[in-house]
Each structure stands twice: as C-alpha cells, then as structure tokens.
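# Report on the structure
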Amino acid sequence: MGELVKKKVKVIKVNLGKCNGCRYCEIACAAFHANPRYSSINPARSRIRVVTDIYNDELVPIRATDYSKAECDGRRVYTVGDKEYSECSFCGTICPARDLFHEPDSGLPLKCDLCESDPPQEEPLCVQACARDALTYEEKEVLVEAEDEAQVRPAEMELGLRSLIDKYGVAALTDTFARMKKG
Ligand code: SF4
Ligand code: SF4
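Quick summary incoming for the structure in this document. (Residues numbered from 1 in each chain as written. Chains lettered and ligands numbered in written order. Predicted model: local features only at pLDDT ≥ 70, side-chain atom pairs only at ≥ 80, totals over all residues.)

To continue, consider the pairing of strand S1 (residues 4-14). Burial runs low along S1: only zero of the 11 residues are buried. Alignment of S1 against strand S6 (residues 135-145), held across 11 bridges, turns out to be antiparallel. By the bridge assignment for S6, Lys 8 is matched with Glu 141. (Buried ≥ 20, exposed ≤ 12 C-beta atoms within 10 Å, placed from the backbone. Helix = DSSP H or I, 4+ residues; strand = E, 2+ residues; numbered from the N terminus. Pairing = 2+ DSSP bridges.)

Structure (structure tokens):
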C-alpha cells in the first residue's frame with residue numbers, strides 16, 4: 001500500500017421518508033448555477049432532480065454524478081417496503097437513457113459540483129433550500145492513497161468536450177474549432 005493522505009469528503013444524505021416533492025432543491029440549484037448567478041430559474045438546468053412516480057408514491061431526489069456515453073446493459077429493481085423502485089431512480093449518471101442532467105439547449109452534461117464557489121457556501125444550495133430536512137450535509141475525513149488523490153476528476157469544461165466528441169467525433173469538432181478561430 002502506498003502513502004496515505006487525509007481527504008475531506010462532502011456528503012449529502014437523502015432521507016426519502018421526508019421528501020414531499022416540493023422541488024425547491026431543483027429551483028435553488030438551477031438559480032445558483034445560472035449565468036449570471038440567480039439570473040434565471042429553469043429546473044431543467046438543475047443538477048439535482050426529484051424522480052417522481054405518483055402511482056408508486058415515489059419521490060427520490062438524485063444528484064448528477066458521472067457522465068457516460070452509453071446507457072447500462074441491464075436494469076435492477078429495488079424493493080423498499082412494499083414498493084418497487086427502478087435502478088434509475090437512484091442513479092445519478094448523466095447518460096443517454098433519459099433527459100435528466102442534459103443542458104436543455106445544448107444537450108451538454110450538467111454535473112453536480114457540490115456548489116463549489118468562491119467564497120465557499122456553508123452548505124450546498126439544495127440542502128439550504130430543503131425545509132423538510134430530506135437533504136442534510138456533512139463533511140468527514142477519510143484516508144486515501146496519495147496516488148489516487150492526485151488523479152483529478154474531470155472539470156465541467158472537459159466533461160462537455162468529452163460529450164461533444166462522443167456525439168460528433170474528434171474530426172468534426174476540430175474542423176468546427178478551426179472555422180471558429182478563422183471567423
Ligand atoms: S427540497 Fe427537499 S423536500 Fe423538496 S423535493 Fe427537494 S429533497 Fe424533497
Ligand atoms: S450540491 Fe449544489 S450543484 Fe449539487 S445538486 Fe445540490 S445545489 Fe446542485
């Protein structure tokens with residue numbers, strides 16, 4: 001095992017029993033990430049969405065996690081109490097199987113950044129907006145291998161570029177950038 005270093009992990013806990021589907025979390029996230037900040041509210045641009053199935057009394061707030069160019073090969077079904085939940089209800093992957101977490105105009109992926117900002121927020125905006133305490137925030141320290149910690153997760157710009165390459169191919173993008181540079 002290599003050298004261990006301390007890492008701060010930010011955790012948003014979800015209590016499904018407390019969520020009433022008000023979607024204030026979506027509104028807060030969309031407004032905070034609008035450009036300029038708080039200039040618009042469009043839940044389709046939120047990085048947290050409440051998956052709702054009214055027939056199953058299902059309300060599941062999920063945050064956008066990683067980008068995937070392909071959807072999963074299989075699906076699982078979870079039984080909680082007497083209700084059945086689809087695997088997708090708990091999944092934050094930005095994938096082609098659903099519209100969630102794709103910017104509505106460009107189709108680019110929208111990833112939760114835990115409201116990283118300068119100055120930092122005391123708590124992520126979705127947590128602040130949740131009056132029911134269905135979302136709660138905590139920070140904890142864990143030990144990880146230094147080598148793993150050094151691997152930087154893709155930034156939002158890189159994620160967007162990767163999704164464009166998956167959609168159009170490198171050649172088409174290079175050509176477009178070359179034309180933009182000339183124009
Ligand atoms: S703000 Fe809280 S109660 Fe309302 S939908 Fe979001 S998680 Fe559920
Ligand atoms: S932590 Fe911030 S970016 Fe992530 S879903 Fe909540 S409000 Fe949106």
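Turning our eyes to something else, we now look at the packing of helix H4 (residues 156-168) against helix H5 (residues 170-182). At a minimum axis separation of 7 Å, H4 and H5 run at an interaxial angle of 115 degrees. Contacts from Leu 164, Ile 165 and Tyr 168 of H4 reach H5 at Val 170, Ala 172 and Leu 173. Here the contact of H4 with H5 is built from residues that sort into six nonpolar, no polar and no charged. (Axes fitted to C-alpha atoms, helices over the stretch in contact; angles between N-to-C directions. Contact = placed C-beta atoms within 7 Å. Nonpolar A, V, L, I, M, F, W, Y, C, P; charged D, E, K, R; others polar.)

What follows deals with the nonpolar core. Core analysis: the largest hydrophobic core is formed by 26 residues, its most contacted members being Cys 25, Ala 28, Cys 29, Leu 125, Cys 126 and Cys 130. Secondary structure elements with two or more residues in this core: helix H1 (24-32), strand S2 (48-53), strand S3 (58-63) and helix H2 (125-129). The greatest single-element share of this core, amounting to five residues, is contributed by H1. In contact with Ala 28, other than residues within four places in its own chain, are Leu 125, Cys 126, Gln 128 and Ala 129. (Core = buried A, V, L, I, M, F, W, Y, C linked by C-beta atoms within 7 Å.)

Close to ligand 2 lie 13 residues; Cys 29, Ile 48, Cys 112, Pro 124 and Cys 126 are nearest. Where the shell around ligand 2 is concerned, the elements lending two or more residues are H1 and H2. The element best represented in the shell around ligand 2 is H1, accounting for three residues. For the shell around ligand 2, the residue count by class is 10 nonpolar, no polar and three charged. (Near = placed C-beta within 6 Å.)

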